[in-house]
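# Inside the fold
The chain contents come next:
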Amino acid sequence: MQIGVHALVFTGTFDQAGISAAVERTARAGFDLIEFPLMDPFAFDREHAAREIASHGIAATASLGLSEQTDLTSPDPAVREAGETLLAECLDIVHALGSTELCGVLYSAMKKYVTPPTSEGRAASAAAIGRLADKAAGLGITLSLEVVNRYETNLLNTGRQALRFLEDVDRDNVRVHLDTYHMNIEESDLVQPVLDVSERLGYVHIGESHRGYLGSGTVDFDAFFRGLARIDYDGPVVFESFSSTVVSETLSNTLGVWRNLWDDGDDLAAHANRFIRDRLRSVETIALH
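Residues numbered from 1 in each chain as written. Predicted model: local features only at pLDDT ≥ 70, side-chain atom pairs only at ≥ 80, totals over all residues. Heavy atoms only, no water.

Along its length, the chain carries 10 helices and eight strands. Here the C-alpha atoms of the chain give a radius of gyration of 18 Å, agreeing with the 19 Å that 2.2 N^0.38 yields for 289 residues. Considered along the principal axes of its C-alpha atoms, the chain spans approximately 50 × 45 × 40 Å. Across the 289 residues of the chain, 54% fall into the buried class. By sequence separation, contacts in the chain at least 24 residues apart represent 77% of the contacts at least 6 residues apart. Summing over all exposed atoms, the chain offers an accessible surface of approximately 12300 Å²; the carbon and sulfur share of this is 47%. Computed over 24 positive and 43 negative side-chain charges, the inter-centroid distance for the chain is 3 Å. (Helix = DSSP H or I, 4+ residues; strand = E, 2+ residues; numbered from the N terminus. Rg over C-alpha atoms; globule rule 2.2 N^0.38 Å. Buried < 20%, exposed > 50% of the residue type's maximum accessible area, 1.4 Å probe, protein only. Contact = heavy atoms within 4.5 Å. Areas by Shrake-Rupley, 256 points an atom, 1.4 Å probe, with all protein chains shown as cover. Lys, Arg positive; Asp, Glu negative; His and termini not counted. Charge placed at Lys NZ, Arg CZ, Asp CG, Glu CD.)

Below, the structure is given as structure tokens:
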């Protein structure tokens, strides 16, 4: 199992200097990997990022959320095509990083929809994800579809919805991405969804109910980590948190960061690394009881 951190904990700028700083601070905090947000994949310097992670001895994954202009559920074929083109570019970046994971809201726009999904939009998204999964398979990459709350998509809000969507996609290298922040809003508890998803779980985000320091909100992390142990999960476990002291105003507004619960990303990251590893170790010791 690799323990990682989202790069937006450290910087909201991903030029060469931002990439270098994020990688160095990730390694200094004791994480095994960094998750790069591909907000502008066509401008992301993949060669520089690959050199940086290699020199610091850590791994990398990548994530993104689609926009209205790249929404795979859109009724406009040109918008859907733009989404596929964008995601294909992201796959090439992931491959250049030597990574095997692309995750996030890959199946729709990351926004608050005002109507339910249409059957046509859902089918178009599943078909597009299937085509991208075929390209990903040739590169040795897994696509993990993030289950997020009702204010960030109208398509996949629960683990069971994600499983049904995976049935339509019908590709072995497409998995479910669970996030404790979103689960705390949408799921009945934090154990059953993990058991439901089971071997289809490909990626995990760890986030507190208010996006602040782990353990200071309402997320039942003890139950969640016990669930991971029950299914012998061994994939990435990545800490995610946002503050407008780091990320741009545009992204802060998209994510609803109306108040900042931290202003020191290094301290936040070091605390999260200890918190996650301590919980995982506590679950391991249950076998000794």
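For helix H3 (residues 77–96), with 20 residues, the first-to-last C-alpha span of 29 Å sits near the 28 Å given by 1.5 Å per residue. Listed in full, the buried residues belonging to H3 are Val-79, Gly-83, Leu-86, Leu-87, Ala-88, Glu-89, Cys-90, Leu-91, Ile-93 and Val-94. Considering only its buried residues, H3 is in contact with helix H2 (46–56), strand E3 (59–66), strand E4 (101–109), helix H4 (119–138) and strand E5 (142–146). Downstream of H3 by one or two residues, Gly-98 has phi in the positive range, about 75 degrees. (Expected span 1.5 Å × (residues − 1).)

Now for the pattern of salt bridges. Following the criterion strictly, the structure yields 15 salt bridges and no others. Measuring nitrogen to oxygen at the nearest pair gives 2.9 Å for the salt bridge that ties Glu-186 to Arg-150. Of the two residues, Glu-186 is situated in helix H6 (residues 180–186) and Arg-150 in the loop between E5 and helix H5 (159–169); the sequence distance between them amounts to 36 residues. Overall, Glu-186 belongs to the buried group, its relative accessible area being 16%. A single network of salt bridges, built from pairs that share partners, joins Glu-24, Arg-25, Arg-28 and Asp-266. (Salt bridge = Lys/Arg side-chain N within 4 Å of Asp/Glu carboxyl O.)

Attention shifts here to the packing of H3 against H4. When two helices pack together, their arrangement is given by the angle between their axes and by how far apart the axes lie. In the contact formed by H3 and H4, the axes pass within 10 Å of each other and the chain directions differ by 25 degrees. One element, H3, and the other, H4, form an angle in the roughly parallel class. The interaxial crossing formed by H3 with H4 has right-handed handedness. Here Arg-80, Glu-84, Leu-87, Ala-88, Leu-91 and Asp-92 of H3 come into contact with H4, specifically with Ala-124, Ala-128, Arg-131, Leu-132, Lys-135 and Ala-136. In terms of residue class, the contact of H3 with H4 is built from seven nonpolar, no polar and five charged. (Axes fitted to C-alpha atoms, helices over the stretch in contact; angles between N-to-C directions. Parallel < 35°, antiparallel > 145°, perpendicular 65-115°, else oblique. Left-handed = near helix turned anticlockwise from the far one by under 90°. Nonpolar A, V, L, I, M, F, W, Y, C, P; charged D, E, K, R; others polar.)

Right, let's talk about the pairing of strand E7 (residues 201–206) for a bit. The element E7 is extensively covered by neighbouring structure, given that six of its six residues are classed as buried. Relative to E7, strand E6 (residues 174–179) runs parallel, the two sharing four bridges. Each bridged residue has a counterpart across the sheet, and for Asp-179 the counterpart in E7 is His-205. When E7 meets strand E8 (residues 237–239), the two strands line up parallel, connected through three bridges. Its bridge partner lying in E8, Val-204 is registered against Val-237. For the crossover that starts at E7, traverses helix H8 (residues 221–230) and ends in the parallel E8, the hand is right-handed. (Pairing = 2+ DSSP bridges. Right-handed = clockwise from strand over helix to strand, strands pointing away.)

Bringing the packing of H8 against helix H10 (residues 265–284) into the picture now. Between H8 and H10, whose axes approach to 9 Å, the crossing angle comes to 60 degrees. Considering the angle they form, H8 stands oblique to H10. Where H8 crosses over H10, the two elements pack in a sense that is right-handed. Seen from H8, the contacting residues are Phe-221, Asp-222, Phe-225, Arg-226 and Ala-229; seen from H10, they are Phe-275, Ile-276, Arg-279, Leu-280 and Val-283. When the residues that make up the contact of H8 with H10 are grouped by side-chain class, the tally is seven nonpolar, no polar and three charged.

Okay, the sheet that holds E8 next. As summarised here, the arrangement of the eight strands in space is E1-E2-E3-E4-E5-E6-E7-E8, forming a closed barrel in which the pairing is parallel. In this sheet, adjacent strand axes meet at a mean angle of 30 degrees when their direction is disregarded. Sheet analysis places E3 next to E4, joined by five bridges and oriented parallel. Paired with Ser-63 across the two strands is Cys-103, which belongs to E4.

A word on the state of the cysteines. Tallying each qualifying case throughout the model produces zero disulfides. Of all cysteine sulfurs in the structure, the one in Cys-103 sits closest to Cys-90, which takes part in no disulfide; the separation is 11 Å. Using a relative accessible area of 0% as the deciding quantity, one classes Cys-103 as buried. (Disulfide = S-S within 2.5 Å.)

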